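Next come the chains, spelled out residue by residue.
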Amino acid sequence: MARKSSGPTWDTVDLAPIVLIKSKEEALTERARDRLVAQARSQDPDIEVTQIDAASYTGGELAVLASPSLFGGAKIAIVTGLETMNDDFLGDCMQLLQDPSPDLFLIAIRNGKAGRGIKLDTAVGQAGFPVVVIEEVKNPGDKIALLKADARRAKRTVAEDAYQALVDGLGSDLRELTSALRQLFDDVEGTITAKAVDTYYGGRVEAKSFAVADAAVAGNVARALELLRHALATGTAEVLIVSALAMKVRQLALVSATMGRDGASVKLSMQPWQMDRARRDLRNWSDEGLSAAIRSIAKADGDVKGFRGEARDPAYALEKCIREVTAARRL
């Protein structure tokens, strides 16, 4: 009954007697689980679904579920908490791997961390059953890619700036982000635009420090100031915003150094997506502009920390800094 595993993704995995999902992203775990349950129900609309916690599992439960029913029909066992599984579950699941049941589909979910029973993970793969690995979706580019894939599946058209607006507004919660796009599909006809996103979610903008820094480096002074004021109004500390600006501009300077005559010898401890974004941003920055931005940020850092007597208003010091940084982009 086992089949050779080809490392399926959450959106391509197919139902099998045993499926292991190793995930760092709960929203995508739910999608993989729902996909498998839907496949099972397409075969048997009345299939029984059982939830099992691997940490509080009672020995023999899997054997009972795997036993043929007097009334026929298969069952699905959705097992959560593999990272805290007890010994009874490990032993029974290893036994099931040796002799899978035609009456039981087992969907086993390991969340976030390695935890207990790692040998079970290895055994599932070696037995040829699907092992789905779901990494955390962290950077904005990956979030936009996920939204684009959802749009393709729904056969809907979404404007590029609408994707960015969704990520800016709801990007900290992946489930909320993808649910917002589905809501727009339901409510908006034709192309989803940034205006539509603003109509529905304009009040939900995440005005965190890095959003301010991104807008400033992009030269969008109006957007940067809007985000700054919202950030300060919702309790973000001035020093964190200065720190984000400093980190963003420092990344530009470091990546710029790799592009010179001796750049090959410069080693950076940055993620590939950060380097790619910095290279794109640098198309609009000169060395003189970066120098001016660094000086402005250094002054603002002293101002908001109270090192300069002339800076009585940290918020004003930040606004002045943002205006100077966006102006430096044009040098």
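See the structure printed just above.
What you see is a predicted model, and the numbers here were worked out from it, not measured in a lab.

**Structural notes on the sheet that holds strand β3 (residues 75-80)**
Within the open sheet, the five strands sit side by side as β2-β3-β4-β1-β5. Their pairing is parallel. Each end of this open sheet is capped by a strand with a single partner; those strands are β2 (48-53) and β5 (131-134). The sheet shows a mean angle of 15° between the axes of neighbouring strands, taken without regard to direction. Looking at chain direction, strand β1 (residues 18-23) and β5 are connected through four bridges and run parallel. Bridge pairing links K22 to V133 in β5. Sheet strands touched by helix α3 (residues 87-98): β1, β3 and β4 (104-111). Its angle to β4, the strand with the most contacts, is close to 135°.

**Some details on the environment of G125**
Of note, G125 is situated in helix α4 (residues 118-126). Among the residues examined, G125 registers a relative accessible area of 32% and is labelled partly exposed. Considered as a pair, G125 and L20 are 105 residues apart in the sequence and their alpha carbons are 8.5 Å apart.

**Things to note about helix α14 (residues 314-328)**
Residue pairs three or four apart in sequence face the same way in an α-helix, which turns once every 3.6 residues. Over its 15 residues, α14 runs 21 Å from end to end, which matches the ideal 21 Å to within 8%, given 1.5 Å per residue. Those residues of α14 that sit buried are A317, L318, C321, I322, V325, T326 and A328. Buried residues of α14, viewed axially, fall in a sector of 165°; they line one side. Where α14 starts, the residue carrying a side-chain oxygen 3.0 Å from the main-chain nitrogen of A315 turns out to be D313.

**Description of the packing of aromatic side chains**
By the definition in use, this model includes two aromatic pairs. Here the aromatic rings of Y57 and F89 are separated by 5.4 Å at their centres, their planes lie at 80°, and the arrangement is edge-to-face. Of the two residues, Y57 is situated in the loop between β2 and α2 (61-66) and F89 in helix α3; the sequence distance between them amounts to 32 residues. F89 shares its class with Y57; the two are buried.

**Some remarks on unusual backbone geometry**
Leave glycine aside and you will find that most residues have negative phi; peptide bonds, for their part, are mostly trans. Positive phi outside glycine occurs at K155, with the angle close to 55°. Structurally, K155 can be placed in the loop between α5 (140-154) and α6 (160-170). Look at K155 and you get exposed, because its relative accessible area is 76%.

Parameters at a glance
Residues numbered from 1 in each chain as written. Predicted model: local features only at pLDDT ≥ 70, side-chain atom pairs only at ≥ 80, totals over all residues. Heavy atoms only, no water. Pairing = 2+ DSSP bridges. Helix = DSSP H or I, 4+ residues; strand = E, 2+ residues; numbered from the N terminus. Axes fitted to C-alpha atoms, helices over the stretch in contact; angles between N-to-C directions. Contact = heavy atoms within 4.5 Å. Buried < 20%, exposed > 50% of the residue type's maximum accessible area, 1.4 Å probe, protein only. Expected span 1.5 Å × (residues − 1). Arc of directions from axis to C-beta. Polar contact = N/O pair within 3.5 Å; in protein donor to acceptor, adjacent residues only side chain to side chain. Phe/Tyr/Trp six-rings, centres within 6.5 Å; stacked < 30°, edge-to-face > 60°.

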